[in-house]
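Report on the structure
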There are 2 protein chains.
Amino acid sequence: MERREFLKFGGIAAAGFSILPSGSLFAADQQKVRLGYIGVGARGMSHISEGVLRDDVEIIAICDTQEWALSMCRNYLKRKNRPAATEYTGSEDAYKKMLDRNDIDAVVISTPWQFHHQMAIDSMRAGKAVGCEVIAGLTVDEHWDIVRTSEKTGVHYTTLENVCYRRDVMAVLNMVRQGLFGELVHCEGGYQHDLREVLFNDGKEWYGHGVEYGPKAISEAQWRTQFNIDQDGDLYPTHGVGPCMQFLDINRGNRFTSMSSFSSKSPGLPAYIEHKSPGHPNAKIKYNNGDVTTTMINCANGETVLLSHDVHLPRPYSLGFRVQGTEGIWMDVADSIYIYEKSKKPHQWDPAKEWLDKYDHPLWKKHAKEAEGAGHGGMDWFVFNGFIEAIKRKKPFPIDVYDSVTMSVITPLSTKSLKEKNAPQDFPDFTKGKWTQRKNTFALDDSGL
Amino acid sequence: MERREFLKFGGIAAAGFSILPSGSLFAADQQKVRLGYIGVGARGMSHISEGVLRDDVEIIAICDTQEWALSMCRNYLKRKNRPAATEYTGSEDAYKKMLDRNDIDAVVISTPWQFHHQMAIDSMRAGKAVGCEVIAGLTVDEHWDIVRTSEKTGVHYTTLENVCYRRDVMAVLNMVRQGLFGELVHCEGGYQHDLREVLFNDGKEWYGHGVEYGPKAISEAQWRTQFNIDQDGDLYPTHGVGPCMQFLDINRGNRFTSMSSFSSKSPGLPAYIEHKSPGHPNAKIKYNNGDVTTTMINCANGETVLLSHDVHLPRPYSLGFRVQGTEGIWMDVADSIYIYEKSKKPHQWDPAKEWLDKYDHPLWKKHAKEAEGAGHGGMDWFVFNGFIEAIKRKKPFPIDVYDSVTMSVITPLSTKSLKEKNAPQDFPDFTKGKWTQRKNTFALDDSGL
């Protein structure tokens, strides 16, 4: 998915960036949300692009340690006729100065994963609502820390997990809530994405050339690849598990209770490097992250969830969703749906499209035009919209702090399970029992919350 | 799949049973294999039908406790101009009398699962080679017992697992062996089959009507359903895992080392019964077998295998195969293959058919015509052919005793893992270390072995 962002902001294609209608979504006298951005690299720029589309957003300040990112953002705002944002740079702590301002309502954090936790904690303590890219922290404790800080400060936190807003995912959620699948028993999802061109580059172009990572590389390969070297586990669980949580009312009448992970060996990246650059020393590195990591989760209400993490191998992109209940099943890899006694022929798949069109979610029906052309097939419009609307209406985020850490904590738990020879791990109840009473709030209607 | 057998042997359609060419496959002076059949119900009759197609097979004796099965078989042999087989019946031990004969080379066991182990042991002790339907025993110990008895008596044993011979599976095996997928890291398979009409009937017709099981039902529902009531676990692992074992050289340079299972709740069968017959007491039964059971397995060479068991829910049939390596991936649910830098477009699936046609296995190329119309899309012809050819050539079966019990022992191991809250289970090494030296022998060429 990063490729699309490259096409937007990277050298050659930036000029061709498509322009969305920027008409007033809200009356001019409504409150504006004043944002500070921590991190304006590839992913941060995507959120910047959502910000400039909205009349109810002011981009007050931006922060990055790398000049190429700041200048990319600076030029982009200028091109979009937006006021220049104050820039913070010079050290990894520079963002703290930005947090001292009292003219910022919320921050968008799009930095390398290892910085998310501390930046979010500092932001909440400074009274700024937080929209943080996926991965809330690196350890189980850091996830608890996010929850405690949000509870103590009363400041809201959300993960900017966009796949919950994918059009087919929301249509299926609509079908789930209307009982089309009957009682759900099993869901699957994952992150099955050939990241080989993301994890390595030549230090000049973002994707497609070279086998360097770390200081010799640019963009994500600068920092992300090190995780694949250091850590076995499901490093990126939220795209797969986020939608499954919505289908299963996790933290809202249901919860994850325990999980185990299995991981394969990892010849994928060495084979790629050896193929692209025979004899290169990066092919000799031991990549601890298994090429395919599989995680199974139990739910309090008896459902199971299966997650895949598969980013080192040549494969077409697929999040591998399945939703299965007593009345039917959706499998997105085959674009297929089967509903008992409603599908056209017994024991035969219907093309999913017929069902997905029929059950298109009201939120998508209302906003499809605004979302057209936004990042990741329009999902990014919706995740950003939910973020801004919740702040304006002073409501908890649609994906709140408990949901956010539940998605993200799967990474350290999977790593621990693998270290302990696939031993099951108890899943933390971040709600401390409140899950039994909490009600679903995500996308109940077309309001954007 | 049972439906097809019903169409062959059940009342209405028996007369329309298609006739295969029964020409000499082997010279008339070659040895004939003399068979005794223990169990000639639905599945047994399928093996009878394979037997009557071959000039090198004599059906000497048949054994069953139910007259309807014996008479179905008796009439079928007559219709096929085969000599009448001696019949053994009257008690569950009747098969032992058949084993006393010295004019039988091998037995085919197609009885309810709980009888397989003892019948196979008795048969081997009587010097009869064994072809046993899937499920070698109910406990881990019973699986060891099969191995020890085979080793002690020198009599060969095979599971009649047919999916290893599925045409697409064998084409993919051909591709695996030619290195198209690179180094394999992960495989998936399963038994995803809506068995609701198999597990319940009305005591008159085999499939499609009624919600009875046990004494009030006929055919499989008489005995199979009780397992779904009594036992959680992957009750039917061999169709999914058999092909994965071939892809990964299990017991032949590789082995399964440990596994865990997760299982969902099981509202599927009660929902079906309540739907078909509102208020029926069978909807109140607690079905201990989860609607979806997922098993993860580690291999000695670092690969992982994922198995699904999913038989209580409305869903199109799918064994859910995936084969994934450093160079490519096959997913049968989407009929798709992707091979790095060989597929037509980067990051996009090719239709599997193009690859499967190109790499059609030599054994299928040679025998497709004979297999046409045989059970389960032709697979049954090949599994029976391998069984008979090995006996004639006095060679171990292509799927030998070690392979057979490895496939089947997954059931009791998964049950134990579930009882122990998903704890990983060590996988027995039935070869006692010989797996490091044993060579692959399955389908190396078109010889049938």
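Residues numbered from 1 in each chain as written. Chains lettered and ligands numbered in written order. Predicted model: local features only at pLDDT ≥ 70, side-chain atom pairs only at ≥ 80, totals over all residues. Heavy atoms only, no water.

Thoughts on helix H2 (residues 42-52) of chain B
- Among the eleven residues of H2 of chain B, eleven are classified as buried, and the element is accordingly described as predominantly covered.
- Buried within H2 of chain B we find Ala42, Arg43, Gly44, Met45, Ser46, His47, Ile48, Ser49, Glu50, Gly51 and Val52 of chain B. (Buried < 20%, exposed > 50% of the residue type's maximum accessible area, 1.4 Å probe, protein only. Helix = DSSP H or I, 4+ residues; strand = E, 2+ residues; numbered from the N terminus.)

A few points about the packing of aromatic side chains
Residues and elements named next belong to chain B.
- All told, the structure shown has 42 aromatic pairs over all chains when counted by the stated rule.
- Seen in terms of ring centroids, tryptophan 68 and tryptophan 206 are 5.7 Å apart; in terms of plane orientation they differ by 70 degrees. Their pairing is edge-to-face. With tryptophan 68 in helix H3 (residues 67-79) and tryptophan 206 in the loop between helix H8 (196-199) and helix H9 (224-230), this pair connects stretches of sequence that are 138 residues apart.
- Residue classification places tryptophan 68 among the partly exposed residues on the basis of a relative accessible area of 30%. (Phe/Tyr/Trp six-rings, centres within 6.5 Å; stacked < 30°, edge-to-face > 60°.)

Notes on empty space enclosed by the protein
- This structure, assessed with the given rule, holds eleven cavities of 30 Å³ or more.
- Estimates place the volume of the largest cavity at around 310 Å³.
- Lining the largest cavity are 27 residues, with Glu188 and Met331 of chain A together with Glu188, Arg322 and Met331 of chain B sitting closest to its centre.
- For the lining of the largest cavity, the elements supplying multiple residues, two or more each, are strand E7 (184-192) and strand E10 (304-310) of chain A together with strand E7 (184-192) and strand E10 (304-310) of chain B.
- Taken together, the residues of the lining of the largest cavity sort by class into eleven nonpolar, eleven polar and five charged. (1 Å grid on protein atoms, 1.4 Å probe; cavity = no way out; pocket = protein on both sides within 12 Å on 5 of 7 lines; lining within 4 Å. Points joined across faces, edges and corners; volume = space filled by probe spheres on them. Nonpolar A, V, L, I, M, F, W, Y, C, P; charged D, E, K, R; others polar.)

Quick word on the relation of the copies chain B and chain A
- Mapping chain B onto chain A leaves a residual RMSD of 0.0 Å; the transformation is a rotation of 180 degrees accompanied by 0.0 Å of translation along its axis. The operation mapping one copy onto its partner corresponds to a two-fold rotation axis. Nearest to the rotation axis, the C-alpha of alanine 334 of chain B is located 2.3 Å from it, this being the minimum over chain B.
- When the interface residues of chain B are mapped onto chain A, 100% of them again lie at the interface, so the same face is used by both copies. (Least-squares fit on C-alpha atoms with pLDDT ≥ 70 in both. Contact = heavy atoms within 4.5 Å.)

As for the interface of chain B and chain A
- Facing the 58 residues of chain B at the interface are 58 residues of chain A.
- Applying the counting rule to chain B against chain A returns six salt bridges.
- Glutamate 183 of chain A is the salt-bridge partner of lysine 265 of chain B, the closest N and O atoms lying 2.9 Å from each other.
- In this structure, the connection of chain B to chain A is made through 14 residue pairs in polar contact (both at pLDDT 80 or more).
- For the side of chain B that touches chain A, the element with the highest residue contribution is strand E8 (residues 256-263) of chain B, accounting for six residues.
- Classifying every residue of the side of chain B that touches chain A gives 23 nonpolar, 21 polar and 14 charged. (Salt bridge = Lys/Arg side-chain N within 4 Å of Asp/Glu carboxyl O. Polar contact = N/O pair within 3.5 Å; in protein donor to acceptor, adjacent residues only side chain to side chain.)

In short, the description is geometric, and any link to function would need to be established separately.
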